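A closer look at the structure
Residues per chain, in single letters:
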Amino acid sequence: MPTATYTPLATVTLGTAVSSVSFSAIPASYRDLIFVFSGVVSAGGGEVLRVNFNGDTTSGNYSAVFANGDGSTTASGTDARRFGLMYASRSQTVASFMDYSATDKHKTYLSRTGGASNALEMIAGRWANTAAITSIRVFPDANGFASGSTLSLYGVIS
Amino acid sequence: MKLIESKTLATAQASIELTSIPQDGTDLVLLLSLRGARADLTDDPGFRFNGDTGNNYSYRTFVGNGAAASSGANTSASFNYLGIINGSTSTSSTFSNASLYIPNYTSGLSKSSSVDCVQENNATTGYQTLVQNLWTGTAAISSILVYSTYGTNFVAGSTISLYKITKGSDGIVTTS
């Protein structure tokens, strides 16, 4: 019998539009975390998805570098707390948080994100804090997640 | 994540189809090791769901080749794109790796998917391809066909493995 490596921690399928979703009380018993989003924005054409850890809302504690393509041009830059892209058409984000429960290193994440009708992007981000991640809040810059969007968090065992 | 099915080609074959997709999962992950028989440095595989050959697919790409980055789009395609893989003139014994992530594959909504693919040629030029795909079909995904869009074969030794991920709760983590 194969060993299950993605342990489902929490999933929410939104019944109404919301401005953010938080995963709290994350146990330290896994090696890594995987976040999956599938959905659309609640209003507007598209926006950037952001992330906070452990309630830390100080933008200066975060950094991220991204590279993307929109079907004709490419770009790369830096943007604190950048975590994903979401659009009015179906979008998805799959992100990994490595060694999230360590207390001797800053926390990093890798994100693959985008929508087939708009753009796609890869992101590498860092939270300049050595605390174990116990909560994750994701939120678009403006507006929110539309009803029907699904957000899941998985623990990966070592 | 649970292995559902794995196939390794014993002989060259034009396509690989997975038809035993269970309907009790949330997301699907395909891991592929592919090399094409196309007489070129590269090959371009695509994939289709549920036997749908209509122009119900679209995708955008982001590609790096060791020298430059580029981006492209196909807004009306008969397949979703898996990325640039090794063709028959690439260094012998080199296979490309690709991972395909499909969330909410049983939903009654259109299906998005993302691909990370690398063609390593043991030479200056290699390709990394990121793809964001969309299939407008609203039926649950019950089969996946992977094939070369040039109509050529995948060589013997190519493999494809399908994994299922199921959502749920550990009873500890809360959402708000």
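Residues numbered from 1 in each chain as written. Chains lettered and ligands numbered in written order. Predicted model: local features only at pLDDT ≥ 70, side-chain atom pairs only at ≥ 80, totals over all residues. Heavy atoms only, no water.

With respect to the interface of chain A and chain B
So the rule is basically this: We call two residues contacting when some pair of their heavy atoms lies within 4.5 Å. When two parts are put together, the accessible area they lose, computed with a 1.4 Å probe and summed over both, is reported as buried area. Whenever a carboxyl oxygen of Asp or Glu lies within 4 Å of a side-chain nitrogen of Lys or Arg, that contact is scored as a salt bridge. Here a strand is any run of E in DSSP of at least two residues, a helix any run of H or I of at least four, and the numbering for each starts at the N terminus.
Of the residues lining the interface, 45 residues belong to chain A; the matching set on chain B comes to 39 residues. Both faces combined, the contact of chain A with chain B buries some 3400 Å², and carbon together with sulfur accounts for 56% of it. Our count for the contact surface shared by chain A and chain B stands at one salt bridge. Among the ionic pairs, Asp116 of chain B bridges to Arg112 of chain A, the shortest N-O distance being 3.1 Å. If you list the elements that add at least two residues to the side of chain A that touches chain B, you get strand E1 (6-13), strand E2 (21-24), strand E3 (32-39), strand E5 (62-69), strand E8 (91-98), strand E9 (107-115), strand E10 (119-127) and strand E12 (150-156) of chain A. Ranked by residues supplied to the side of chain A that touches chain B, first place goes to E1 of chain A with seven residues.

Brief notes about the side chain of Asn121 of chain B
Tracing the sequence through the fold places Asn121 of chain B in the loop between strand E11 (111-119) and strand E12 (127-135). Ignoring any residue separated from it by four or fewer positions in sequence, one finds Asn121 of chain B in contact with Leu41, Asn86, Ser90 and Thr91 of chain B.

Concerning the pairing of strand E6 (residues 57-64) of chain B
Residue and element names in this part refer to chain B. Where we set the bar: Burial classes: relative accessible area under 20% of the type maximum marks a residue as buried, over 50% as exposed, and values in between as partly exposed (1.4 Å probe, protein chains only). For two strands to pair, DSSP has to find at least two bridges joining them.
Counting buried residues in E6 gives seven out of eight residues, a clear majority hidden from the surface. Strand direction decides the pairing type here: E6 and strand E7 (residues 69-77), joined by seven bridges, are antiparallel. What sits directly across from Phe62, in E7, is Ser71. Counted along the chain from E6 to the antiparallel partner E7, the turn is four residues long, and its residue Gly66 has a positive phi close to 95 degrees.

Regarding the sheet that holds E10 of chain A
All names here are of chain A. Short version of the rule: The axes are straight lines fitted to the C-alpha atoms, using for helices just the contacting stretch, and the angles between their N-to-C directions are given from 0 to 180°.
The strand order across the open sheet formed by eight strands is E1-E12-E3-E8-E9-E10-E5-E6, and the pairing between neighbours is antiparallel. Edge positions in the sheet fall to E1 and strand E6 (74-78), since each has one partner strand and no second. Taking the axes of each pair of neighbouring strands and ignoring which way they run, one obtains an average angle of 10 degrees across the sheet.

Comments concerning the packing of aromatic side chains
Rule in force here: Here a Phe, Tyr or Trp ring, Trp counted by its six-membered ring, pairs with any other such ring whose centre lies within 6.5 Å, and the pair is stacked when the planes are under 30 degrees apart, edge-to-face when over 60, and tilted otherwise. Counting as a charge over the ring demands two things of the Lys NZ or Arg CZ atom: a distance within 6 Å of the ring centre and an angle within 35 degrees of the ring normal.
Applying the stated criterion across every chain yields a total of 18 aromatic pairs over all chains. Relative to Phe97 of chain A, the ring of Phe83 of chain A lies with its centre 5.8 Å away and its plane at 20 degrees, an arrangement referred to as stacked. Of this pair, Phe83 of chain A sits in strand E7 (residues 82-87) while Phe97 of chain A sits in strand E8; the two residues are 14 residues apart in sequence, bridging distant segments of the chain. Among the aromatic side chains, those forming a connected cluster through ring pairs are Phe23, Phe35, Phe53, Tyr62, Phe83, Phe97, Tyr109 and Trp127 of chain A. The residue whose ring lies beneath Arg82 of chain A is Phe66 of chain A, and the NZ or CZ to ring-centre distance is 3.9 Å. One cation-aromatic arrangement involves Arg38 of chain B over Tyr150 of chain B; the distance from NZ or CZ to the ring centre is 3.6 Å.

Some remarks on the sheet that holds strand E4 (residues 46-53) of chain A
In space, the five strands of this open sheet follow the order E7(A)-E4(A)-E11(A)-E2(A)-E15(B), with antiparallel pairing throughout. Since the sheet does not close on itself, it has two edges, and those belong to E7 of chain A together with strand E15 (174-175) of chain B, each with one partner. Sheet topology places E2 of chain A next to E15 of chain B; two bridges connect them, and they run antiparallel. Pairing of Phe23 of chain A across the sheet is with Thr175 of chain B, part of E15 of chain B.

Points about the nonpolar core
Heads up, the rule is: By nonpolar core is meant a set of buried Ala, Val, Leu, Ile, Met, Phe, Trp, Tyr and Cys residues that side-chain atoms within 4.5 Å join together.
Counting residues in each nonpolar core, the largest one holds 35 residues, and the members touching the most others are Ile144 and Val146 of chain B. With four residues, the single largest contributor to this core is strand E3 (residues 27-34) of chain B. Discounting residues that sit within four places of it in the chain, Val146 of chain B has contacts with Ala14, Ser15, Ile16, Leu32, Leu34, Gly46, Phe47, Leu82, Phe154 and Ile160 of chain B. Core analysis: the second largest hydrophobic core is formed by 33 residues, Leu49, Met86, Tyr100 and Leu153 of chain A among them.

A closer look at the confidence of the model for chain B
Going by this rule: Residue-level confidence of the predictor, termed pLDDT, takes values from 0 up to 100.
Looking at chain B, pLDDT values average 95 and 100% of them are 70 or higher. Quick note on the complex model: pTM equals 0.95, ipTM equals 0.93.

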